Every structure is written in C-alpha cells, then in structure tokens.
Amino acid sequence: MDADVSDSPGTPAEPDRPDHPAGGGPADGSQDASEAAPQDGAAGEAPRASAAADGRPEPGPGASDGGPGPEPDASDNRPEPGPDASDGARSGTWGSRPQLGPQGRGRHWLRWTALAAAFLVLVAAGAGWWLYKKLDGNITTDTSAAAELKAYERDRPLPIARNAQNILLIGSDTRSGENSAYGRDDGGSQRSDTTILLHLAADRGSATAVSIPRDLMAEIPSCHTADGKATNKQFAQFNSAFELGGTACTIRTVEKMTGIRVDHHMVIDFNGFKDMVDAVDGVEVCLQAPVDDPDAHLKLPAGRQKLDGEEALGYVRARKSIGDGSDTERMDRQQKFLGALVNKMQSNGVLLNPTRLYPVLDAATKSLTTDPDLDSLRDLYDLVRGMRNVPTEKVQFLTVPRKAYYANPNRDELVQPDADRLFAQLRKDRPVAVVPAETVNSGDSQADHSSGKDPSGRKPGATDGSPTPDPTYSGSNAADDPCGA
C-alpha cells in the first residue's frame, strides 16, 4: 500500500499553502496570494484554489491562456466575464469594472428619478410655504376692536345657533393713501361706505347677506375714539358709528339694532375690492342706459358687458348717474354685483383651483383687516371652504326693511315689525326667502324696499294645515342673470 501511494503520479499535496483547503498560514515566507498571482493572464494554482473555496466551478484546462472554459452556471446571475475579467478583478482599476446590464441601468434610473422627485417636492413645499406666509402676512389684525368688544362683553347678545356664523363686512370709504384718487382726504377720517351682515347657516346650506343703509337712523352706544376718549350715546346716522369709534362701535351698533351676535368682522377698502375683481378677470353686469360719471371715473355704454376692477368700483359707488340716484338703488346694484362676483368664482371653479384662488386671496388679503380669530390664511380658507358648496341660488342678498325717516326724508328708519322678524330668523338660524321686488305684495309699505310679508297674502302666523312659509323679502341671489334673461 505504501509503495503504491508513493509511486502515484501527480503533484503532492502541500498542506502548508494558504489556498489549499487543508492549508494553514504561509510556510517558509511564501508570498501572499495576490503577490503570487501571474501577471501575464495565466491562471495559477492560487486563483483556482480560491475559486474552489468560493464554490465556483474551476476553470477548464484552457482558461489560463484564453482557451474556452466551462459553461457558466445557470444559477449564477452574474454576467459572463470577458477575457480580462480576472485581471480587472485583481487590479481594481476603474476602467476594468464590469459594465451595468439592463437591470442595473434600470435601478440606476429609478434612483435618479426618486432623487429628482424628492427635490421637486422640497422645492414645491418651500414655494408653497413662502406663498402661505406671504398671504398670511398681508392680513391686518384689528386688536383694538377686540379689546373694546371685550370690555363691553356683558352688553353683547349671546350666540344662539350653534355653528352658525355672523360676519360683519365693512367697506371703508377712507380717502387716505392709495384711495386718495377717489376723493379728498379730510385728515384720514372714514365712514362705512357699505355695511353687510353676512349670515352663514349652521349646515352651510345657505348664506344671507343683509345690507344696512349708511343713512339709516340708529341708536349708537357710547364708544371710544382712537385716542381713548368716550363718546356720548346718540341717535344718529348709522355710518357715523364707524367714524366715531371704528369697527367696535359699528359692531356694537349692529348688535344693539338686531340682537344678533357678530362673530367676526372684515374691513376692506376700495383697492382691495378693485383688485379682487381683476383677479377673477372681470365681472359681467347689465346697464339699462349709458353711464358717464366723472366723479365715479365711469363711462360705459348700455347693455351687457364685463367690468374690470376700476370700472366695477365706479359702478358700485355711483349714486347720481345710475338709476334714480338714491342710496336704495345703489345698494340693490351692489348686491347684484356681489352676487355676480360669487357666481363667477363658483362657476369658473376659482374656489376649487389653488392656482386661480391664489390671486383672489392675494388681492383680498392686501386690503383686509379682520378680528384676531380670522386673521390667518387658514382661518379664511376654512371660511371659504365652508361656503364653496352653497348653491348660488341660496346665496341671497337683501336690505333691512326700511322707509324714509319721518323727520328727514333723506334718511331712513326701520319698518317694524318686519325688521325685527328678519333679525329673529337670522338670530335663530331659520330660513329666509328672497324674491325679486316685483313679486312682493305691492300693498305693503316696503314694496319698493324689503318686506316681511308672504307674497301669497297670508298673514304672519296664519295656518291652513300646511307648514308656515318662510318670511319673504325682496332681494336677489347669486344665480340671477344680470340682464334678467
């Protein structure tokens, strides 16, 4: 047996070689495997032994000198190495790295796409945050009115209808600053050119805007002026409350008149209104006759037409050149224009499209002053979002029932009990019906203004087995066509 083993051909095993399965460390100072590797492409024992240790198939006889090797294992997903693959792997040079296959290129492309998408998201988020802060910073907070109202909290009416909102909209007629183009600046004093009490139903199924005439005689409580002086309680023209004690005095006057708690207020000046109209690309109106009014900066032909911001401002402010020149006619015109503006915003999807809503919000917030609870863009957006699903025919406009004041025909006074009935409906968040003036019973004293009388002639409280009808007043809604077509 010993003779047979010693005489067998072949290379004897060298257990001391590091690349042999049974070997240990290098013996007699033998070179490292990397140093012992042939430099001319010939595969020596060390590479073959290493491949065997990795579980890879040993190259065939001709592999070391460029001859064909064994077929690659199908289970091995690595691409078949080229002629110089072994040299590249050992040398570690960049040019000899294996090329990416289709699958590798796909993963590379996906990584770059993900990075680009992440970058765009960051840019969009940054731009969105900048726009938000810009709009948010446009709004002016009226802290003085909040302090004044807090001081008189015990005198204010309590809210009755939960989730309903009552917002007082005040159009300022100040001539200071950029508004000097619309009249003489008398030292910065201002009166409320337009005042509207906007009631949003608790279910947000309707919105009712009630105009309060500037010439209406009203009880104005004792208020504080801008320099802190107390004014006397007085019976005077309604819009003087804004001149005497600002927004807080106007709110307290409205609350005393109506018994309705004012939850929020907004004051907007001429330029804010004008810019909002331009932001929606104009609003369509219908004129029965041509208008030429230098004081209102307005010259228009008759018929249906679209007004830009400057023209719209002149249209809603003109008194002597359109209609009969009365404040009554002017308020009706303002209401119909606001209805057309609401219709334009809803029908054109402005409230649902952020890119179209932004310029409207930018225009509005630049000239907007609100109470502290409504002075952020998020608060305003929540308010607009609550209104955007209100049907246009349920966005109603009317004026408080009033008639000529007995002591001065150039002033107005409330018609009772019609006015109190309207205020009670809004206070309790109950429905109010608004119809064109010509459909209201002509026998009522307010046929030309507003009426709380049912057009069917049924007396209030009368029943005939059917539900009591909603109180009906003359007015308009946002769905009305400006030309009556």
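Anyway, here's the lowdown on the structure attached to this text. Because the structure is predicted, anything quoted here is derived from the model rather than measured. (Residues numbered from 1 in each chain as written. Predicted model: local features only at pLDDT ≥ 70, side-chain atom pairs only at ≥ 80, totals over all residues. Heavy atoms only, no water.)

Quick look at the overall build of the protein
Reasoning step 1: When helices and strands are counted, the protein shows 13 helices and 17 strands.
Reasoning step 2: Across the 485 residues that make up the protein, the buried fraction comes to 38%.
Reasoning step 3: Working note: accessible area of the protein is about 27,400 Å², and carbon and sulfur atoms make up 52% of it. (Helix = DSSP H or I, 4+ residues; strand = E, 2+ residues; numbered from the N terminus. Buried < 20%, exposed > 50% of the residue type's maximum accessible area, 1.4 Å probe, protein only. Areas by Shrake-Rupley, 256 points an atom, 1.4 Å probe, with all protein chains shown as cover.)

A short note on the state of the cysteines
Reasoning step 1: Applying the stated rule across the entire model yields two disulfides.
Reasoning step 2: Residue pairing for cysteine 286: its cysteine sulfur links by disulfide to cysteine 483, the two sulfurs lying 2.1 Å apart. For the disulfide bridge between cysteine 286 and cysteine 483, the dihedral angle about the S-S bond is near 105°, and by the sign convention the bridge is right-handed. Here cysteine 483 lies in the segment after strand E17 (472-477) and cysteine 286 lies in strand E8 (residues 283-287), a separation of 197 residues in the sequence.
Reasoning step 3: With relative accessibility at 28%, the residue cysteine 483 sits in the partly exposed group.
Reasoning step 4: The connectivity of the disulfides in the protein is 1-2, 3-4, where the numbers refer to bonded cysteines in sequence order. (Disulfide = S-S within 2.5 Å.)

Observations regarding the pattern of salt bridges
Reasoning step 1: With the rule as written, the count across this model stands at ten salt bridges.
Reasoning step 2: Here glutamate 255 makes a salt bridge to arginine 156, at a shortest N to O gap of 2.7 Å. Here glutamate 255, found in helix H7 (residues 240-258), pairs with arginine 156, found in the loop between helix H6 (143-151) and strand E2 (165-172); they are 99 residues apart in sequence, far enough to count as distant.
Reasoning step 3: For arginine 304, the salt bridge identified is with glutamate 284, shortest N-O distance 2.8 Å. Separated by 20 residues along the polypeptide, arginine 304 in strand E11 (residues 303-307) and glutamate 284 in strand E8 bring together distant segments of the chain.
Reasoning step 4: Note on glutamate 284: relative accessible area 36%, which makes it partly exposed.
Reasoning step 5: Each of the salt bridges in this network shares a partner with another, and the network as a whole consists of Glu153, Arg156, Glu255 and Arg261. (Salt bridge = Lys/Arg side-chain N within 4 Å of Asp/Glu carboxyl O.)

Describing the packing of H6 against H7
Reasoning step 1: Relative to each other, H6 and H7 sit at 45°, their axes nearing to 7 Å. By the angle between their directions, the pair H6 and H7 is classed as oblique. Between H6 and H7 the crossing geometry is right-handed. Where H6 abuts H7, its residues Ala145, Glu148 and Leu149 lie against Thr247, Ala248, Ile251 and Arg252.
Reasoning step 2: Considering only residue class, the contact of H6 with H7 consists of four nonpolar, one polar and two charged. (Axes fitted to C-alpha atoms, helices over the stretch in contact; angles between N-to-C directions. Parallel < 35°, antiparallel > 145°, perpendicular 65-115°, else oblique. Left-handed = near helix turned anticlockwise from the far one by under 90°. Contact = heavy atoms within 4.5 Å. Nonpolar A, V, L, I, M, F, W, Y, C, P; charged D, E, K, R; others polar.)

A word on the pairing of strand E15 (residues 408-414)
Reasoning step 1: Note: strand E14 (residues 402-405) against E15, four bridges, orientation antiparallel. When the sheet's bridge partners are listed, lysine 403 is paired in E15 with glutamate 413.
Reasoning step 2: Taking the residues between adjacent antiparallel strands as the criterion, E14 and E15 are bridged by two residues. (Pairing = 2+ DSSP bridges.)

Quick word on unusual backbone geometry
Reasoning step 1: Along the chain, glutamine 416 connects to proline 417 via a cis peptide bond; the corresponding omega equals 5°.
Reasoning step 2: Relative to the elements of secondary structure, proline 417 occurs in the loop between E15 and helix H13 (418-427).
Reasoning step 3: At asparagine 163, a residue that is not glycine, the phi angle is positive and equals roughly 75°.
Reasoning step 4: Secondary-structure assignment places asparagine 163 in the loop between H6 and E2.
Reasoning step 5: Overall, asparagine 163 belongs to the exposed group, its relative accessible area being 52%.
Reasoning step 6: The backbone of arginine 204 shows a phi angle near 55°, a positive value even though the residue is not glycine.
Reasoning step 7: Here arginine 204 shows up in the loop between strand E3 (192-200) and strand E4 (207-211).

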